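In case you want the letters, here they are:
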Amino acid sequence: MDLKRLIDVAAGRRKADLVLQNARIVNVHTHEVSDGSLAVDQGVIAGIGAYEGRKELDLNGAYLLPGLIDSHVHIESSLVSPEQFARLVVPRGTTTVIADPHEIANVAGLEGIRYMISAAKKAPLDVYFMLPSCVPSTSFENAGAVLDAAALEELIDDDAVLGLGEVMDYPSVAAGDEGILAKIALAAKRNKPIDGHGPMLEGRGLNAYRAAGIQTDHECSTLDEMRDRLRIGMRILIREGSAARNLSTLIKGVGPHTSRYCSFCTDDKQPEQILSEGHIDHSLRLAIENGLDPLTAIQMGTLNAAEGYGLARKGALAPGFDADMIVVDNLRHFTVQQVYKRGVLVARNQEALFAVNTPDISRVSGSVKVGELSQESFRLKLRGDLVNVIHLHPGNLITEKAVRKVYIDEQGFFVHREKLDILKLAVIERHRGSGNIGLGLVEGFQLKNGALATTIAHDSHNLIIIGDNDRDMLTAARELISCGGGMCAVREGKVLDTLPLPIAGLMSNEGADQLNQRLSRINRTAYEALRVNPQVDPFMSLSFLALPVIPELKLTDMGLFDVTNFEFININAE
């Protein structure tokens, strides 16, 4: 950038590249809205006031806001490549995201992260990365890679890397484990931020977590959790995604003394919801519906996130800031009319004005490696009819440990009975063909006469299958092995639908619109043909049943895991 030229434009001695006239300009620093014009030069805001430009556009009194920022997102959860993700979110007003690529890192290690960094540079969306701190998330599962501090050091100084991603292994932090502390020190030495992930953590454990230097948490689901973290100087990333929706609860904890320490994030959000309800623009609308002042909501969705991650030139409309701007109709509905990225119009009326190339996925494909399977692989032997069951709570990632009485045959094998709504769950290691299979039971899913399977199983992304009979579970497993990963629905021995995800078994290499049509179809199949609980997102909810860092009970390829006590338990209730 030519600094002298920018100063000349700001001082009025030279025409700007672009002047947006007759705008209602939102000032997130002072909570004001002023009528006027804004000048842009070399992709940077030169000034607000009376300016002349080589190009001048009349906004006719529309509101001009800073581009929105997602403070924590896993791009992989959109099921599309980073380039296609940009085509999803930029038209909704998001111009910057803080991404944690731990999904693909759990499959493909550093090569997966490098792929994400490279791909993200090919679209008009600023994607900054937090290096995954927990690959695998715990030692109680098998992932496709292990990233220690020495491995992370290879990328920590990359320009696209802001800091250390969510530290999910909070028991190891509290215990002073050398491995996790080495990763924290790696970021701390460079004064880079460290994200947290500590659901239900409290008291001395929470104090130890904060003392280690962890600065944020997006896992709060109650106001008490939120207040506990704010009191010890943590930033709260209020999550509104597809499976976890915490905004309506947590927004009540945002007040005049706490708002500056809160921002918005989606964490995991699928394209169907982004297209139907929005991205961070949806969080703004929902916050305002729940009583938050519009200017406070905008500040949380822009400046707060930028300051929290040290992005000094993002998040505001002021001289010297990047000209990432959105034009909206009003400050209640936030219908995005135009999106500018560094002063260039990149979306209009929620349609992308940019194209992206088909991604090269050669280095992150062919990731599903499973040993021999048979129907016997899914048989669940029990000592008795009282068992520990994963109880699913719709709309919440937290599950409950429940004890239920089930049917068993003369040999002691579990027998499904429809009236009980207790289904078999299998997690199969799919990175090295080790043959590991964890078996468990789930209630609340309500699937009937078939099976669902996916290679998205947070965070190690093994092959996870839920079903009411072994034949269909086997058919589902074989289908995903043959297509290189994805999602499938099976009924009565027949594959009803398959959604291939060849990028590490996590993402499609197709366009976002085509992927969304396929996803809508397979979800519809799950609801209509397999009668899945309508309050449950079939594949998103299934994918989180393997995540052994969110209470209370989960299943990994190594067995049934009690997250509260951080130990394996027997499926037989003692």
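The name an unreviewed UniProt entry assigns to the protein chain is Adenine deaminase, from the organism Marispirochaeta aestuarii. UniProt, in the comment section headed Catalytic activity (unreviewed entry), describes the protein chain in these words: "adenine + H2O + H(+) = hypoxanthine + NH4(+)". Database annotation for the protein chain, UniProt heading Sequence similarities (unreviewed entry): "Belongs to the metallo-dependent hydrolases superfamily. Adenine deaminase family."

(A) Expanded view of the nonpolar core. In this structure, Leu 64, Met 226, Ile 238, Phe 445, Leu 452 and Ile 465 are the most contacted members of the largest nonpolar core, which totals 188 residues. The greatest single-element share of this core, amounting to 10 residues, is contributed by helix H3 (residues 102-120). What Ile 465 contacts, discounting residues up to four positions off in sequence, is Phe 378, Lys 424, Leu 425, Ala 426, Ile 428, Ala 451, Leu 452, Ala 453, Met 473, Ala 476 and Ala 477. Formed by 11 residues, the second largest nonpolar core is a distinct cluster that contains Ile 69, Cys 265, Ala 305 and Tyr 309.

(B) Region of the structure containing a nonpolar patch on the surface. A cluster of nonpolar residues, Met 1, Leu 3 and Ile 7, forms a patch on the protein surface that exposes about 310 Å² of accessible area. Residue position: Ile 7 is located in helix H1 (residues 3-10).

(C) Representation of the packing of aromatic side chains within the structure. For the structure on display, the rule yields 6 aromatic pairs. Seen in terms of ring centroids, Phe 140 and Phe 561 are 4.6 Å apart; in terms of plane orientation they differ by 35°. Their pairing is tilted. Taken as a pair, Phe 140 in the loop between strand E8 (126-131) and helix H4 (149-152) and Phe 561 in strand E29 (residues 559-562) lie far apart in primary sequence, 421 residues in all. The same class applies to Phe 140 and to Phe 561, which are both buried. Between Phe 561 and Phe 568, the ring centres sit 5.4 Å apart and the planes meet at 75°, which makes this aromatic pair edge-to-face. Given a relative accessible area of 0%, Phe 561 falls into the buried group. You can call Phe 568 partly exposed: its relative accessible area is 32%. Its end group placed over the ring of Phe 413, Lys 381 keeps NZ or CZ at 5.3 Å from the ring centre. Here the basic side chain of Arg 417 rests over the ring of Tyr 407, its NZ or CZ set 4.9 Å away from the ring centre.

(D) Highlighting the pattern of salt bridges. All chains considered together, the criterion is met by 36 salt bridges. Linking Arg 13 and Asp 8 is a salt bridge whose minimum nitrogen-to-oxygen distance equals 2.7 Å. Look at Arg 13 and you get exposed, because its relative accessible area is 57%. According to the relative accessible area criterion, Asp 8 is buried, its value standing at 13%. Put simply, Arg 190 and Asp 157 hold a salt bridge, and the shortest N to O gap is 2.7 Å. Residue Arg 190 is located in the loop between helix H6 (178-188) and strand E10 (194-196), and its partner Asp 157 is located in the loop between H4 and strand E9 (161-167); the two are separated by 33 residues in the primary sequence.

(E) View of the pairing of strand E14 (residues 325-328). Burial along E14 is two-sided: the residues Met 325 and Val 327 and Ile 326 and Val 328 are all buried. Direction of pairing for strand E5 (residues 63-66) relative to E14: antiparallel, over a ladder of 4 bridges. Residue Tyr 63 lies in a different strand from E14, and its bridge partner there is Val 328. As paired elements, E14 and strand E15 (residues 336-341) share 4 bridges and run antiparallel to each other. Within the sheet, the bridge partner assigned to Met 325 lies in E15 and is Tyr 340.

(F) Looking closely at the sheet that holds strand E6 (residues 68-73). Taking strand neighbours across the sheet as the criterion, the 5 strands line up as E6-E7-E8-E9-E10 in an open arrangement whose pairing is parallel. Since the sheet does not close on itself, it has two edges, and those belong to E6 and E10, each with one partner. Within the sheet, the average angular offset between the axes of one strand and its neighbour, ignoring direction, is 25°. Bridging between E8 and E9 involves 3 bridges; their strand directions are parallel. Within the sheet, the bridge partner assigned to Phe 129 lies in E9 and is Val 161. Helix-sheet contacts for H6 involve E9 and E10, and the interaxial angle to E9 is about 150°.

Cut-off values and rules
Residues numbered from 1 in each chain as written. Predicted model: local features only at pLDDT ≥ 70, side-chain atom pairs only at ≥ 80, totals over all residues. Heavy atoms only, no water. UniProt positions renumbered as here; feature names shortened; annotations may be inferred. Core = buried A, V, L, I, M, F, W, Y, C linked by side-chain atoms within 4.5 Å. Buried < 20%, exposed > 50% of the residue type's maximum accessible area, 1.4 Å probe, protein only. Helix = DSSP H or I, 4+ residues; strand = E, 2+ residues; numbered from the N terminus. Contact = heavy atoms within 4.5 Å. Patch = residues over 30% accessible without salt bridge, like charges linked within 9 Å, V, L, I, M, F, W, Y side chains within 5 Å. Areas by Shrake-Rupley, 256 points an atom, 1.4 Å probe, with all protein chains shown as cover. Salt bridge = Lys/Arg side-chain N within 4 Å of Asp/Glu carboxyl O. Phe/Tyr/Trp six-rings, centres within 6.5 Å; stacked < 30°, edge-to-face > 60°. Lys NZ or Arg CZ within 6 Å of the ring centre and 35° of its normal. Pairing = 2+ DSSP bridges. Axes fitted to C-alpha atoms, helices over the stretch in contact; angles between N-to-C directions.

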